[in-house]
Amino acid sequence: MRVITPGEVETKDLHQFILGAVAPRPIAFVSTIDDDGIPNIAPYSFFNAFSSNPPVLVFSSNRRVADNTTKDTLHNVELNQELVVNVVNYEIVHQMALASISYPSDIDEFAKSGLTPIPADLVKPFRIKESPAHFECKVSEIITLGNHGGAGHLIICNVLRMHVCESVIDDKNRINPHKMDLVGRMGRSHYVRAQGEAVFDLYQSVMKPALGFDSLPKHILNSNVLSGSDIAKMAGLYKFPDVNELADLMKNNHDLKSVFSSAESSDNILIDNLHRLVKNTIDDGRIEEAFQIAMSYESVLNN
Ligand SMILES: Cc1cc2nc3c(=O)[nH]c(=O)nc-3n(C[C@H](O)[C@H](O)[C@H](O)COP(=O)(O)O)c2cc1C
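All values derive from a computational prediction rather than experimental measurement.

For the rest of this paragraph, the subject is the site of the ligand. In the region of the ligand, 21 residues are neighbours, and Tyr44, Phe46, Asn62, Thr73 and Ser100 sit closest. Measuring from an oxygen atom of the ligand, one finds a side-chain N or O atom of asparagine 40 at 2.9 Å. Within the backbone of aspartate 72, an N or O atom sits 2.9 Å from an oxygen atom of the ligand. Computed on the free molecule, the ligand has an accessible area of 640 Å², of which 90% lies beneath the protein chains in the complex. Given that more than half its atoms are within 2 Å of the pocket grid, the ligand belongs to the largest pocket. Among the secondary structure elements, those contributing two or more residues to the shell around the ligand are strand 3 (39-44) and helix 2 (72-80). Examining the composition of the shell around the ligand, we find that 4 residues originate from one element, strand 3, more than from any other. Partitioned by chemical class, the residues of the shell around the ligand number 8 nonpolar, 8 polar and 5 charged.

Further remarks concern the packing of aromatic side chains. For the structure on display, the rule yields 3 aromatic pairs. Summarising the aromatic geometry, the rings of tyrosine 44 and phenylalanine 59 are spaced 5.1 Å apart at their centres and angled 50 degrees between planes, so their arrangement reads as tilted. You can see tyrosine 44 sitting in strand 3 and its partner phenylalanine 59 sitting in strand 5 (residues 55-60), a full 15 residues away along the chain. Both residues of the pair, tyrosine 44 and phenylalanine 59, count as buried.

The next point concerns the domain arrangement of the chain. For the chain, the domain assignment lists domain 1 (11-198) and domain 2 (213-302). When each unit is reduced to the centre of its C-alpha atoms, the spacing between domain 1 and domain 2 is 48 Å.

Our focus in this paragraph is the environment of glutamate 141. Tracing the backbone through its elements, the reader meets glutamate 141 in strand 9 (residues 133-144). Along the backbone, glutamate 141 and lysine 179 are 38 residues apart, and their C-alpha atoms lie at a distance of 33 Å. Setting aside its immediate chain neighbours within four residues, glutamate 141 contacts Leu154, Ile155 and Ile156.

Our focus in this paragraph is the nonpolar core. Judged by nonpolar contacts, the single largest core of 26 residues is most densely connected at Ile220, Met234, Leu256, Leu274, Val278, Phe291 and Ile293. Of all the secondary structure elements, the ones that give two or more residues to this core are helix 7 (228-235), helix 8 (243-252), helix 9 (254-261), helix 10 (267-283) and helix 11 (287-302). At 7 residues, the largest contribution of residues to this core is made by helix 11. Not counting chain neighbours up to four residues away, the residues in contact with valine 278 comprise Leu226, Met234, Ala290, Ile293 and Ala294. The next biggest cluster of nonpolar side chains, apart from the first, holds 21 residues, and it includes Ala28, Val30, Val85 and Val168.

Moving on to the layout of surface pockets. Space inside the largest pocket adds up to approximately 880 Å³. What lines the largest pocket is a set of 35 residues, among which Pro43, Tyr44, Lys71, Ser100 and Arg185 lie closest to the centre. Among the elements of the structure, helix 1 (11-21), strand 3, helix 2 and helix 3 (93-99) are those that each provide at least two residues to the lining of the largest pocket. Among the elements that take part in the lining of the largest pocket, strand 3 stands out by supplying 4 residues, more than any other. Of the residues that constitute the lining of the largest pocket, the class distribution is 14 nonpolar, 13 polar and 8 charged.

By the bridge criterion, 5 bridges tie strand 5 to strand 10 (residues 153-164) in an arrangement that is antiparallel. Bridging across to strand 10, valine 56 finds its partner in asparagine 158. Across 11 bridges, the pairing between strand 9 and strand 10 is antiparallel. Paired with glutamate 136 across the two strands is arginine 161, which belongs to strand 10.

Rules and cut-offs
Residues numbered from 1 in each chain as written. Predicted model: local features only at pLDDT ≥ 70, side-chain atom pairs only at ≥ 80, totals over all residues. Heavy atoms only, no water. Near = heavy atom within 4 Å. Polar contact = N/O pair within 3.5 Å; in protein donor to acceptor, adjacent residues only side chain to side chain. Areas by Shrake-Rupley, 256 points an atom, 1.4 Å probe, with all protein chains shown as cover. 1 Å grid on protein atoms, 1.4 Å probe; cavity = no way out; pocket = protein on both sides within 12 Å on 5 of 7 lines; lining within 4 Å. Sits in = over half its atoms within 2 Å of the grid points. Helix = DSSP H or I, 4+ residues; strand = E, 2+ residues; numbered from the N terminus. Nonpolar A, V, L, I, M, F, W, Y, C, P; charged D, E, K, R; others polar. Phe/Tyr/Trp six-rings, centres within 6.5 Å; stacked < 30°, edge-to-face > 60°. Buried < 20%, exposed > 50% of the residue type's maximum accessible area, 1.4 Å probe, protein only. Domains from an automatic or database assignment. Contact = heavy atoms within 4.5 Å. Core = buried A, V, L, I, M, F, W, Y, C linked by side-chain atoms within 4.5 Å. Points joined across faces, edges and corners; volume = space filled by probe spheres on them. Pairing = 2+ DSSP bridges.

Listed below in structure tokens is the structure:
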């Protein structure tokens, strides 16, 4: 693997390696206002949510690597501690890019980007009408991480009120990710769109203890056929198949019967054939059955 040690590479290169590896990042489209009432909007992808109670968002406004200057967003929140974080969907990504240009402080990026300012309820900065979700925030703390180009200022924001566009909320009161259609920032000019096949569901209970890799027999863990991801799907189940389930399987699953009946002298070939059947069953989404097939090897051995 490439070894990269801070201090031994130029900051601009380290910056790009960090951006390429810590990705995709959500984008806070931050709206602030200065003391003369000039609005400012700029995207920040060193951003995330860190607490729900109290609700806290954090983003980092960095010193520019090229000339070590700081940004208008930081200046504005230092002045009045108020901001609105707006999320970025695919529909507004090009307008967001326009707003990211370093215009002089007296330039209104709403006018430059063609986005529409609408009033917030509890803070002075405007919300961005075209964004599907807005967080009105009060800054509780700014943590300065350094004085050189590239150094961040962590801007810790307490959420006072959230607004979510009705059209992205489904009838179970949940945000539908496909309707949100958010974009994330990757390295350099790469972005990702959370839409279609890029969005997938992965169910795993966080409370109920699953079997885990270390409970599984060696032939599964050392498989030539099953990937780590295949094994993880079985390790995520909560119990081993019982004798009745295995007996039914051996009676009714013809593919399994043919694996065992065509068993050649080599145990390894039998295991590979068995694992191919396990893999196909996993690919069909029948994880419990796949695990039963995998565990049938034990039951055959024990009989
Ligand atoms: C998608 C995207 C994400 C960005 N993320 C950050 C970031 O996390 N921190 C940062 O300092 N600058 C970031 N930038 C650059 C700022 O948006 C840019 O410097 C902008 O001009 C700052 O505007 P301001 O001076 O009005 O605050 C990002 C730019 C883009 C396009």
